[in-house]
Amino acid sequence: MRRKPRPGGGRQIEVTIEALGARGDGLAEFEGRPVFVAQALPGERVRVRLLGARAGGRRGVILELIEASPARRAPPCPQFGACGGCSLQHLDEDAYIRWKRERVVQALARRGFHAAPVAPLVRIAPGSRRRAVLSAVAGGEGEGTPVVRLGFLHRESHRVADLASCLVLTPGLVALVAPLRAALAPLMAGGERWSLTVSETEAGVDLCLAAGRPPALRDREALAAFAESHDLARLCWRHGGEEAEPIAVRRPPVVTFGRVAVTPPPGGFLQPSRAGEAALAALVLEAVPGDAARIADLYSGCGTFTFRLAERAAVSAFEGDATALAALDAAARRAGLAGRVSAQQRDLARQPLSVEELDPFACVVFDPPRAGAKAQAETIARARVPRVVAVSCEPATFARDARILADGGYRLASVVPLDQFAWSGHVELVAVFDR
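Residues numbered from 1 in each chain as written. Predicted model: local features only at pLDDT ≥ 70, side-chain atom pairs only at ≥ 80, totals over all residues. Heavy atoms only, no water.

### Remarks on the environment of Ala175
The residue Ala175 is located in helix α2 (residues 171-184) in this model. Sequence separation between Ala175 and His114 is 61 residues; the distance between their C-alpha atoms is 46 Å. (Helix = DSSP H or I, 4+ residues; strand = E, 2+ residues; numbered from the N terminus.)

Dropping the structure here:
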């Protein structure tokens, strides 16, 4: 299998791909430095053109695929390669599943967990992603109106890959892209770049638009009309560091966590799929001791796990984002859970719960951002909490935090990896630690 050489400058070399990197790029070595080659697979011999620097090495683009891997397959999406939303559609299913699990195994091994109890990967089906952040950019003029590209960014680029179809997003979100692109065209000036967070809630789509300027009257009118004609639940506008401003709230967007309906803040975090959220929550609940009287939910967001945990015990939720915590607190009050669920704003990276604050809890659940929970893990390691349940979206920082807990006397009892971001390098997990 050969590809015609692509035009362009840059040094050309032949390399053998030795592994897949964390982002799904092929890894080779040249002159003692790594070369990251997009769309290359382990075992393949490729001729590449070297590009800019990356992570102590160089990026490379395939000019010719000299010898293909038996694990290579035809990518199912016609936009693969241009759109940066997926990096591994060219890898067959079995090899893909093994690689995702191995990401967790290798991250733990690098921290000294050489026989970590890592379960098989839980796979969430493509086409179920209910939340995405899209980019819109207005380019050249077309019949007096800027041409708008709307979609995901290209790999390692600020260019926008105009989204025509998508195998990852829910059908409802895919169907919204074309009319949304058309609605934005008369509103955006040439060169403007906007970000759009779209979430499919139980009450309809929640759209939060972020632009570099406040909305003009024509923006408000056009977007309100768009929300009406496409039955959006809510449409908001954010500019700079300002709080999001409602443009149209036709009904509160709602997600149900356990038995509690929550209205998340505009653009607020949600697990990317309903099925993935349910799988993570089931693993967390399975790990919580049946006799736990008090549970701490750290990095609680707007209550993904909090309200499910509250069916078992009293829960103290800690979260740094004020808007997410306000949504959690309001939902708890509406549900009559104010006495069972407490909410406290806390930047856990800068002000982690102390040993004295942790010790009364029978179980601690923590679900930090990609940077992990280093400061909080250090205090948990000195506390007497019998069980700790960690949820993570980044194996490397999880492994670091797991090492801290293990060095403090905890035993890593189980790790279950989960794949909500189909055909990407992202992998999530739920792990259980016993004192």
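### Comments concerning the pairing of strand β14 (residues 245-249)
In this structure, strand β13 (residues 234-239) lies alongside β14, joined through four bridges in antiparallel fashion. Counted as the bridge partner of Trp237 is Glu245 from β14. Two successive antiparallel strands, β13 and β14, enclose a turn made up of five residues, where Gly240 displays a positive phi of approximately 60°. (Pairing = 2+ DSSP bridges.)

### A look at helix α6 (residues 322-334)
For α6, built from 13 residues, the straight-helix expectation of 18 Å at 1.5 Å per residue is met to within 8% by its first-to-last C-alpha distance of 18 Å. What α6 keeps buried is the set Ala324, Leu325, Ala327, Leu328, Ala331 and Ala332. Seen from one end, α6 has its buried residues packed into an arc of 155°, which puts them on one side. Turned more than 90 degrees from where α6 packs its buried face, Arg333 and Arg334 sit exposed. (Expected span 1.5 Å × (residues − 1). Buried < 20%, exposed > 50% of the residue type's maximum accessible area, 1.4 Å probe, protein only. Arc of directions from axis to C-beta.)

### Quick word on the sheet that holds strand β23 (residues 428-434)
The strand order β7-β22-β23-β21-β20-β17-β18-β19 describes an open sheet built from eight strands, whose pairing is mixed. Looking at the sheet topology across the chains shown, the edges are occupied by β7 (122-123) and β19 (341-345). As paired elements, strand β21 (residues 387-392) and β23 share six bridges and run antiparallel to each other. Looking at β23, one finds that Val389 is bridged to Val432. Each of β7, β22 (411-419) and β23 is contacted by helix α1 (residues 93-110), which is oriented at about 145° to β22, the strand it contacts most. (Contact = heavy atoms within 4.5 Å. Axes fitted to C-alpha atoms, helices over the stretch in contact; angles between N-to-C directions.)

### Some words on the confidence of the model for the chain
The predicted model of the chain has a mean per-residue pLDDT of 94, with 97% of residues at 70 or higher. Between residues 1-8, whose pLDDT stays under 50, and residues either more than four places distant or in other chains, the model counts 22 contacts. (pLDDT = per-residue confidence, 0-100.)

### A few points about helix α9 (residues 395-407)
Between the first and last C-alpha of α9 there are 18 Å, a value that for 13 residues agrees with the 18 Å anticipated at 1.5 Å per step. Summarising burial for α9: ten of the 13 residues are buried, a large majority. Where α9 is concerned, the buried positions are Pro395, Thr397, Phe398, Ala399, Arg400, Asp401, Ala402, Ile404, Leu405 and Ala406. Along its buried surface, α9 packs onto α1, β20 (363-366), α8 (374-380), β21 and β23.

### A look at the packing of aromatic side chains
One pass over the full model with this rule turns up two aromatic pairs. Measuring from ring centre to ring centre gives 6.2 Å for Phe398 and Phe433, while their planes differ by 50°; the resulting arrangement is tilted. Separated by 35 residues along the polypeptide, Phe398 in helix α9 and Phe433 in strand β23 bring together distant segments of the chain. Over the ring of Phe361 we find Arg294; its NZ or CZ atom is 4.7 Å from the centre of that ring. Directly above the ring of Phe113 sits Arg403, whose terminal nitrogen or CZ lies 4.5 Å from the centroid. (Phe/Tyr/Trp six-rings, centres within 6.5 Å; stacked < 30°, edge-to-face > 60°. Lys NZ or Arg CZ within 6 Å of the ring centre and 35° of its normal.)

### Observations concerning unusual backbone geometry
Its identity as a non-glycine residue notwithstanding, Glu31 has a phi of 55°, on the positive side. Mapped onto the elements of the fold, Glu31 is located in the loop between β3 (26-30) and β4 (33-37). Classification of Glu31 by relative accessible area gives exposed; the value is 59%. We note that Asp231 has phi near 55°; this positive angle belongs to a residue other than glycine. With respect to the helices, strands and loops of the structure, Asp231 is situated in the loop between α3 (217-229) and β13.

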